[in-house]
Amino acid sequence: MTTERQVDLTGLKCPMPIVQLTKLMKELRGGEEFTAIASDPAFCLDVKSWCNKTGHELVRLDSSSEHLVAVIRKRKEESN
Amino acid sequence: MNTADRMTSPDVVASLERRIEELEKKSKNTPDANAISMIVFSGELDKLLAAFVIATGAAACGMKVSMFFTFWATAALKKSGPQAKGKSIVERMFGWMLPGGFDKRKLSKMDMCGIGRRMMAREMSKKNVASLPELIEAAKELGIEINICEMSMSLMGIRAEELIDYPDMEYCGVARFVEQSSSSNTTLFI
């Protein structure tokens, strides 16, 4: 299951995946879900920490395929 | 006396006001867990990369980031180009010894007269690691504040117009850093 909105972070290295996610957040409404696809191995732990710190919800994280696939839901209250 | 009367009696109100005031004062002095301040002292490429990776990463995590540039790091923010006019001989010499431009930044280890630097640049581009100018662009977009030590600038004869263009750049002294550092939970020295 993937969401309608997808963001391709493949090829990007730390800290650019989370920098890109932060920029994307400005375009989304609270509660909106999107799928992020990344190739940076650090993204696996980093996306969890990023969600913990920012309050967005990590709905699903799939590391079984070649790329990491994360489904994230933007937190409700507007903070960005 | 019923509860409503007790709440509005002048003594109780005065005591509550005092307690609120004290709490407000206390909360004002509590460091913000969501703020990070950094002293950037080194002017070498590897250390500047580390500083900007941490700064942009923290800002992306929603933290308020302020960077305080002093000594060699101040000189590292110079853009390439001719020196400003009206400098003394010694200030000009500083300018020659500390050339502007991010391509001039050395590595703190394995620079090997520029060979290491070029190898590093090639590997970074091959492996799509963000370069220093790219990280500084991201820092701008994320609203990271850069404070420049005015004393370093005057000591090394660096003029404001010789530094890179950055929107949230301010020139200040150590008091500004102390205030920001004491109101943030984390302070790093790089």
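Further remarks concern the interface of chain B and chain A. With 18 residues of chain B at the contact, the number on the chain A side is 14 residues. Summed over both partners, the interface of chain B with chain A comes to about 1,200 Å²; 66% of that surface belongs to carbon and sulfur atoms. One salt bridge in this structure joins B:Glu141 and A:Lys23, with 3.1 Å as the shortest N-O distance. At the boundary of chain B and chain A, one finds six residue pairs in polar contact (both at pLDDT 80 or more). The class makeup of the residues in the side of chain B that touches chain A is ten nonpolar, five polar and three charged.

Moving on: a nonpolar patch on the surface. Taken together, the side chains of B:Ile89, B:Val90, B:Met93 and B:Trp96 make up a nonpolar region of the molecular surface, amounting to roughly 480 Å² of accessible area. Turning to its location among the elements, B:Ile89 is positioned in helix H5 (residues 89-97).

With that out of the way, let us pick up the sheet that holds strand S4 (residues 169-172) of chain B. All names here are of chain B. Pairing in this open sheet of five strands is parallel, and the strands run S4-S3-S2-S1-S5 from one edge to the other. Only two strands of the sheet have a single neighbouring strand rather than two, namely S4 and strand S5 (184-189). Taking each pair of neighbouring strands and ignoring which way they run, the sheet shows an average axis angle of 20°. Pairing between strand S3 (residues 145-149) and S4: four bridges, direction parallel. The residue bridging Asn147 from the neighbouring strand is Glu170, located in S4. Sheet strands touched by helix H3 (residues 45-60): strand S1 (32-40), strand S2 (64-69), S3 and S5. Its angle to S2, the strand with the most contacts, is close to 160°. Taken strand by strand, helix H9 (residues 174-182) contacts S1, S2, S3, S4 and S5, and its axis lies near 130° from that of S5.

Below, the discussion takes up helix H6 (residues 115-126) of chain B. Residues and elements named next belong to chain B. Between its first and last C-alpha atoms H6 spans 17 Å; for twelve residues at 1.5 Å apiece the expected length is 16 Å, and the two agree. Taken as a whole, H6 has its buried residues at Gly116, Arg117 and Met124. End-on view of H6: buried residues confined to an arc of 100°, all on one side of the axis. Pointing more than 90 degrees away from the buried face of H6 are the exposed residues Arg118, Arg122, Ser125 and Lys126. Buried residues along H6 sit in contact with H3. Taken from the residues just after H6, Asn128 is the one with a positive phi, measuring 60°.

Cut-offs used in this document
- Residues numbered from 1 in each chain as written.
- Chains lettered and ligands numbered in written order.
- Predicted model: local features only at pLDDT ≥ 70, side-chain atom pairs only at ≥ 80, totals over all residues.
- Heavy atoms only, no water.
- Contact = heavy atoms within 4.5 Å.
- Buried area = accessible area lost by both parts, 1.4 Å probe.
- Salt bridge = Lys/Arg side-chain N within 4 Å of Asp/Glu carboxyl O.
- Polar contact = N/O pair within 3.5 Å; in protein donor to acceptor, adjacent residues only side chain to side chain.
- Nonpolar A, V, L, I, M, F, W, Y, C, P; charged D, E, K, R; others polar.
- Patch = residues over 30% accessible without salt bridge, like charges linked within 9 Å, V, L, I, M, F, W, Y side chains within 5 Å.
- Areas by Shrake-Rupley, 256 points an atom, 1.4 Å probe, with all protein chains shown as cover.
- Helix = DSSP H or I, 4+ residues; strand = E, 2+ residues; numbered from the N terminus.
- Pairing = 2+ DSSP bridges.
- Axes fitted to C-alpha atoms, helices over the stretch in contact; angles between N-to-C directions.
- Expected span 1.5 Å × (residues − 1).
- Buried < 20%, exposed > 50% of the residue type's maximum accessible area, 1.4 Å probe, protein only.
- Arc of directions from axis to C-beta.

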